[in-house]
Amino acid sequence: MTDDIVAAVVRQWNAVNPDLDTGPMELIGRINRCAALLQQAEDAPLRAAGLTRGEFDLLGAMRRNGRELTPGELARETFSSGAAVTKRLRGLQDGGLIARRGDARDRRVAYLGLTEEGRALVDRLLPEQLAYERSLLSGLDESSREGLSGQLGELLIQLEGRLGGARR
């Protein structure tokens, strides 16, 4: 089996400083490299529909919640900044995928929901996106995928507890 890029980096560090514990680099480096490569793949079904991952995440949050959400709620649901959510929402609204409704009592509050077109798009794209993601993981058997998912879930729970960002 060929070494991955992280193994090469670790070998270089070990040559320079053999006493260095590179264990954390080996794990976090691989997680970061996988994330970077997955982002570079740019979600082909989403791209074909003219959407970014961030935009689809907003649409998906609205669809799975089944109710109108405020921009703040969408930011929390998608782990995005308020500015990023505002920018994405503008494009989605211009595209006719979401509708904005103001609060009658507080003009500062806006509620956002999917239009019929937006709902239909999410319902069409989600199975395509999941099939695409499944193909990206096709080199791992089901047992490996389940094991990796479980281990990453454990790591995520620990990090959320230490670094914040835990949901609900």
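Whatever comes next refers back to the structure up there.
Residues numbered from 1 in each chain as written. Predicted model: local features only at pLDDT ≥ 70, side-chain atom pairs only at ≥ 80, totals over all residues. Heavy atoms only, no water.

(A) Layout of the pattern of salt bridges. As enumerated under the stated definition, the model contains 11 salt bridges in all. A salt bridge links Arg-53 to Glu-133; its shortest N-O distance comes to 2.5 Å. Of the two residues, Arg-53 sits in helix H4 (residues 53–65) while Glu-133 sits in helix H7 (residues 116–136), which places them 80 residues apart along the sequence. Judged by relative accessible area, Arg-53 falls into the partly exposed class, the value being 31%. In this structure, Arg-64 and Glu-77 form a salt bridge, with 3.0 Å as the shortest nitrogen-oxygen distance. Placement of the pair is Arg-64 in helix H4 and Glu-77 in helix H5 (residues 71–78), with a sequence separation of 13 residues. (Salt bridge = Lys/Arg side-chain N within 4 Å of Asp/Glu carboxyl O. Helix = DSSP H or I, 4+ residues; strand = E, 2+ residues; numbered from the N terminus. Buried < 20%, exposed > 50% of the residue type's maximum accessible area, 1.4 Å probe, protein only.)

(B) The environment of Gly-29, seen in detail. Among the structural elements, Gly-29 can be located in helix H2 (residues 23–41). For Gly-29, a relative accessible area of 22% gives the class partly exposed. Those residues in contact with Gly-29 that lie beyond four places of it in its chain are Val-6 and Pro-24. (Contact = heavy atoms within 4.5 Å.)

(C) Highlighting a nonpolar patch on the surface. A cluster of nonpolar side chains, contributed by Leu-27, Ile-28, Ile-31, Leu-38, Leu-136, Leu-137, Leu-140, Leu-148 and Leu-152, occupies part of the molecular surface with about 740 Å² of accessible area. Those elements giving two or more residues to the nonpolar patch turn out to be H2 and helix H8 (142–163). Broken down by element, the nonpolar patch gets its largest block of residues, 4 residues, from H2. Checked against the element boundaries, Leu-136 lands in helix H7. With a relative accessible area of 39%, Leu-136 lands in the partly exposed category. (Patch = residues over 30% accessible without salt bridge, like charges linked within 9 Å, V, L, I, M, F, W, Y side chains within 5 Å. Areas by Shrake-Rupley, 256 points an atom, 1.4 Å probe, with all protein chains shown as cover.)

(D) Main features of the side chain of Glu-55. With respect to the element layout, Glu-55 can be found in helix H4. One buried charged residue, Glu-55, remains without a salt bridge, the closest side chain of opposite sign being Arg-88 at 6.6 Å. Those residues within four positions of Glu-55 in sequence are excluded, and the remaining contacts are Gly-50, Arg-88 and Leu-92. (Lys, Arg positive; Asp, Glu negative; His and termini not counted.)

(E) Summary view of H5. Buried within H5 we find Leu-74, Ala-75, Glu-77 and Thr-78. Along the axis of H5, the buried positions cluster into a sector of 165 degrees, meaning they face one direction only. Residues of H5 that are buried in the fold lie against H4, helix H6 (82–94) and strand E2 (110–114). Note on H5: the residue one or two positions beyond its end, Phe-79, has a positive phi of about 55 degrees. (Arc of directions from axis to C-beta.)

(F) Up close: the packing of helix H1 (residues 5–16) against H2. One can describe the packing of H1 onto H2 by two numbers: an axis separation of 9 Å at closest approach and a directional angle of 145 degrees. H2 is crossed by H1, and the crossing has right-handed handedness. The segment H1 lies against H2, with Ile-5, Val-6, Ala-7, Val-9, Val-10 and Trp-13 engaging Met-25, Glu-26, Gly-29, Arg-30 and Arg-33. In the contact of H1 with H2, the residues fall into 7 nonpolar, 1 polar and 3 charged. (Axes fitted to C-alpha atoms, helices over the stretch in contact; angles between N-to-C directions. Left-handed = near helix turned anticlockwise from the far one by under 90°. Nonpolar A, V, L, I, M, F, W, Y, C, P; charged D, E, K, R; others polar.)

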